[in-house]
Amino acid sequence: MTENFEPTIIGFTCNWCSYRAADLAGTARVKYPPNVRLIRLMCSGRLDPAFVMKALAEGADGVLITGCHPGECHYLEQNYKALRRFLLLRRTLAGMGIEPGRVKLVWASAAEGVRLANEIATMVEEIRALGPLRWPRWHTWNGLFIEEKSRAEGVPA
Amino acid sequence: MTTQSPSTNGKPKFAMYWAASCGGCEIAVLNIGEKILDVDANFEVAFWPVAMDAKYKDVEAMPDGSILLTLFNGGIRNSENEEIAKLLRRKSQILVAFGSCASEGCIPGLANLSSSNQILDTVYSTVSTDNPQGIRPQHKYAMPEGEIQIPKFYPVLRTLDQVVPVDYYMPGCPPESHQIAAVIDLVIKVLHGEAQLPPKGAVIGAGGSTVCDDCPRKRNVKLIKKFVRIQDLEHIDPELCLLEQGIPCNGPATRSGCGALCPQASAQCIGCYGPADGVVDYGARLVAAFASVIDSNDPEEIEHILDGIPDPTGQFYRFNLAGSLLRAARPAWEG
Ligand code: SF4
Ligand code: SF4
Ligand code: SF4
Ligand code: FES
């Protein structure tokens, strides 16, 4: 079932490092799987844990959070804040039945395009192994009760 | 809005109902003291199962919109809850999600961490229950006289507004009596043309900011090296913020309205007034708040500190699970 499954991963990237790293990977024609949709934040410290929950609730199979290496955050210590949030968020999500591997934090500098591309490729495979998350689309009063997400088991490549 | 309603004695009709709830909200309404006489003077009680005998079919027979005010407490856990929520929505001009259960799921909503079978196992097949034949409730049962039914148990608990449109929300587990009295005063003033109702969808009987804003404890931006259970502490600083003493206090995400009762009594806020204005996800806000007091940049040490919160999901969603972004844990909806 999971063989043809193409995970959807939402990536929250820091403008100063990892977003540029992804850009660099692109310009250098480093190949990485197209499963990640990147959303640029000014800093990993801007990551509100609710972003991650919303992504997972609305169809993502995993979430990647990236930031500058420790000590290199452009807003001083905000990436440490992101680290603390991430570690607590992961535990909280585990209580909801969301495997820790579905949410990942990766540090990558602007020069590390290749490393980021590899990290993404690894994560895609890890999530492929975990299978689709398929959080239900909860309906409110004007709709049905619970509807399974209307997504094909395997999206043809 | 027009607030006239046909009524036998000329008074507008009032209703109160309990769905998946504990009964505390009903007690809280009765706890408003002599104010209850104002309710009686200004309203005809049309339907209030806890206080008087009434049949669903009597409500069904009422014209749509003929009840002016319905306070609905409890979440939607079974088909009966849902049916009555829809019925009362039709019959009521103003439907209030009353209390934490109806507004956000509350303690009954914590069952959204477990599957229906796990819940039934706990109720019918654990040591505290004498049930040698392993009897389980059945939705339908054929009797010689014909088929009988009990309400259908749904896989997850929903909040009232996940089932029908809601006009107002009144948070609290239960709402504080003085807040209930203030809301009743307001509705009576509206009836007499002396006040206006707040905009639809508003939270009534509470503030908009956080419990921290009402809390007299001092915040020193102190960072902590460990989280502790309040009962394990020998001494609690009477003036310092509890969270800054490592006590998991939910004040930073919780709506004001109770007057910061718990932290003033040296107990952590557990969040019964639900999310404050602007909070997208209650638990997410607390993840951020708790992470911000941890005094470490080292992943291993942070993990060690976090061990002091053994059940973060329960800590952050004690009242708000059903109303949260994710609503229910996987076992609940995967079955
Ligand atoms: S909100 Fe609290 S007091 Fe009211 S019914 Fe629910 S559990 Fe009981
Ligand atoms: S965290 Fe708790 S103790 Fe601290 S200020 Fe807020 S409500 Fe008061
Ligand atoms: S302090 Fe928190 S838990 Fe206590 S009554 Fe107020 S909102 Fe509820
Ligand atoms: S600027 Fe990149 S993580 Fe803060």
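Quick notes on the rules
Residues numbered from 1 in each chain as written. Chains lettered and ligands numbered in written order. Predicted model: local features only at pLDDT ≥ 70, side-chain atom pairs only at ≥ 80, totals over all residues. Heavy atoms only, no water. Helix = DSSP H or I, 4+ residues; strand = E, 2+ residues; numbered from the N terminus. Buried < 20%, exposed > 50% of the residue type's maximum accessible area, 1.4 Å probe, protein only. Areas by Shrake-Rupley, 256 points an atom, 1.4 Å probe, with all protein chains shown as cover. Domains from an automatic or database assignment. Contact = heavy atoms within 4.5 Å. Polar contact = N/O pair within 3.5 Å; in protein donor to acceptor, adjacent residues only side chain to side chain. Nonpolar A, V, L, I, M, F, W, Y, C, P; charged D, E, K, R; others polar. Phe/Tyr/Trp six-rings, centres within 6.5 Å; stacked < 30°, edge-to-face > 60°. Core = buried A, V, L, I, M, F, W, Y, C linked by side-chain atoms within 4.5 Å. Near = heavy atom within 4 Å. 1 Å grid on protein atoms, 1.4 Å probe; cavity = no way out; pocket = protein on both sides within 12 Å on 5 of 7 lines; lining within 4 Å. Points joined across faces, edges and corners; volume = space filled by probe spheres on them. Pairing = 2+ DSSP bridges. Axes fitted to C-alpha atoms, helices over the stretch in contact; angles between N-to-C directions. Expected span 1.5 Å × (residues − 1). Buried area = accessible area lost by both parts, 1.4 Å probe. Salt bridge = Lys/Arg side-chain N within 4 Å of Asp/Glu carboxyl O.

As a further point, take the overall build of chain B. A tally of regular secondary structure across chain B gives 14 helices and nine strands. Along the three orthogonal principal directions, the C-alpha set of chain B runs to about 70 × 60 × 30 Å. Counting across all 335 residues of chain B, residues that qualify as buried make up 51%. Carbon together with sulfur atoms contributes 53% to the accessible area of chain B, which is approximately 15200 Å² in total.

So, about the domain arrangement of chain B. All names here are of chain B. Each assigned domain of chain B is listed here: domain 1 (13-105 + 159-191), domain 2 (118-154) and domain 3 (211-328). With centres defined by C-alpha atoms, the gap from domain 1 to domain 3 works out at 31 Å. Taken together, the contact between domain 1 and domain 3 spans 13 residues of the former and 15 residues of the latter. Our count for the contact surface shared by domain 1 and domain 3 stands at seven residue pairs in polar contact (both at pLDDT 80 or more). Class assignment of the residues belonging to the side of domain 1 that touches domain 3 gives a composition of four nonpolar, seven polar and two charged.

Using the criterion set out here, one finds ten aromatic pairs over all chains in the structure. A ring pair is formed by F12 of chain A and F51 of chain A, whose centres lie 5.8 Å apart and whose planes are at 35 degrees; its orientation type is tilted. Of this pair, F12 of chain A sits in strand β1 (residues 9-14) while F51 of chain A sits in helix α2 (residues 49-57); the two residues are 39 residues apart in sequence, bridging distant segments of the chain. The buried category is assigned to F12 of chain A, whose relative accessible area is 5%. On the numbers, 6.3 Å between centres and 65 degrees between planes, the contact of Y17 of chain B with Y56 of chain B is edge-to-face. Remark: Y56 of chain B occurs in helix α3 (residues 56-61) and Y17 of chain B occurs in strand β1 (residues 13-18); sequence separation between them is 39 residues. Classification of Y17 of chain B by relative accessible area gives buried; the value is 3%.

Here we come to the nonpolar core. Across soluble globular proteins, you tend to see nonpolar side chains buried next to one another. Judged by nonpolar contacts, the single largest core of 62 residues is most densely connected at V52, L56, L93 and W135 of chain A together with F227, F290 and L326 of chain B. If you look at the next biggest cluster of nonpolar residues, it comprises 24 residues, including M16, V29, I94 and I180 of chain B.

So, on to the site of ligand 2. The immediate surroundings of ligand 2 are formed by V211, C212, C215, R217, R219, C241, L242, L243, C249, G251, P252 and P263 of chain B. Looking at the shell around ligand 2 residue by residue, the class counts come to nine nonpolar, one polar and two charged.

Turning our attention to the environment of N220 of chain B. Residue and element names in this part refer to chain B. Following the sequence through the fold, N220 ends up in the loop between α9 (211-214) and α10 (261-264). Measuring from C-alpha to C-alpha, the distance between N220 and E244 comes to 7.8 Å, with 24 residues separating the pair along the chain. Once you skip the residues sitting within four places of it in the chain, N220 turns out to touch L240 and E244.

Turning our eyes to something else, we now look at the site of ligand 3. In the vicinity of ligand 3, the residues found are V211, T254, C258, C262, P263, C269, I270, G271, C272 and Y273 of chain B. Each residue belonging to the shell around ligand 3 can be placed in one class, and the counts come to eight nonpolar, two polar and no charged.

To continue, consider empty space enclosed by the protein. Residues and elements named next belong to chain B. Counted under the stated rule, the structure contains four cavities of 30 Å³ or more. If you add up the space inside the largest cavity, you get close to 80 Å³. For the lining of the largest cavity, the leading source of residues is helix α8 (residues 177-191), giving three residues. Put simply, the second largest cavity is a space of about 60 Å³. Together, S21, C22, G23, G24, C25, N73, S100, C101, C106, G172, C173 and P174 line the second largest cavity. Of all the secondary-structure elements, those providing two or more residues to the lining of the second largest cavity are α1 (24-30) and α5 (99-104).

The next point concerns the sheet that holds strand β4 (residues 103-107) of chain A. Backbone hydrogen bonds are what pair the strands of a sheet, in a parallel or an antiparallel way. Residues and elements named next belong to chain A. Across the sheet, which stays open at both edges, the four strands sit in the order β2-β1-β3-β4 with parallel pairing between neighbours. Each end of this open sheet is capped by a strand with a single partner; those strands are β2 (36-41) and β4. Neighbour to neighbour, the strand axes of the sheet diverge by 20 degrees on average, direction disregarded. Its contacts with the sheet place α2 against β1, β2, β3 (62-67) and β4, and it is angled at close to 150 degrees to β3. The strands touched by helix α4 (residues 113-130) are β1, β2, β3 and β4; relative to β4, the strand with the most contacts, the crossing angle is about 165 degrees.

The end-to-end C-alpha distance of helix α3 (residues 78-94) of chain A, which contains 17 residues, comes to 24 Å, matching closely the 24 Å that a straight helix rising 1.5 Å per residue would cover. In this fold, the buried residues of α3 of chain A make contact with α2, β3 and β4 of chain A together with α11 (282-291), α12 (299-306) and α13 (312-317) of chain B.

Moving on: the interface of chain B and chain A. With 38 residues of chain B in contact, the opposing surface of chain A contributes 37 residues. Summed over both sides, the interface between chain B and chain A buries roughly 3400 Å², with carbon and sulfur atoms accounting for 70% of that surface. Summed over the three residues of chain B that lose the most area to chain A, namely L326, R330 and W333 of chain B, the buried surface amounts to 23% of that side. If you look at where chain B meets chain A, you find four salt bridges. Residues R330 of chain B and E99 of chain A are paired through a salt bridge, measuring 3.0 Å at the closest nitrogen-oxygen approach. For the interface between chain B and chain A, the tally reads twelve residue pairs in polar contact (both at pLDDT 80 or more). Those elements that place two or more of their residues in the side of chain B that touches chain A are β8 (153-158), α11, α12, α13 and α14 (330-334) of chain B. Broken down by element, the residue count for the side of chain B that touches chain A peaks at five residues, all from α11 of chain B. For the side of chain B that touches chain A, the class distribution of residues is 26 nonpolar, five polar and seven charged.

Glancing now at unusual backbone geometry. Of note, the amide linkage connecting C173 of chain B to P174 of chain B takes the cis form, showing an omega dihedral of -15 degrees. In this model, L76 of chain A sits at a positive phi of 65 degrees, which is unusual for a non-glycine residue. With respect to the helices and strands, the residue L76 of chain A is situated in the loop between β3 and α3. Although it is not a glycine, V221 of chain B adopts a positive phi angle of roughly 50 degrees. As for its position among the elements, V221 of chain B is in the loop between α9 and α10. Under the relative-accessibility criterion, V221 of chain B is labelled exposed at 71%.

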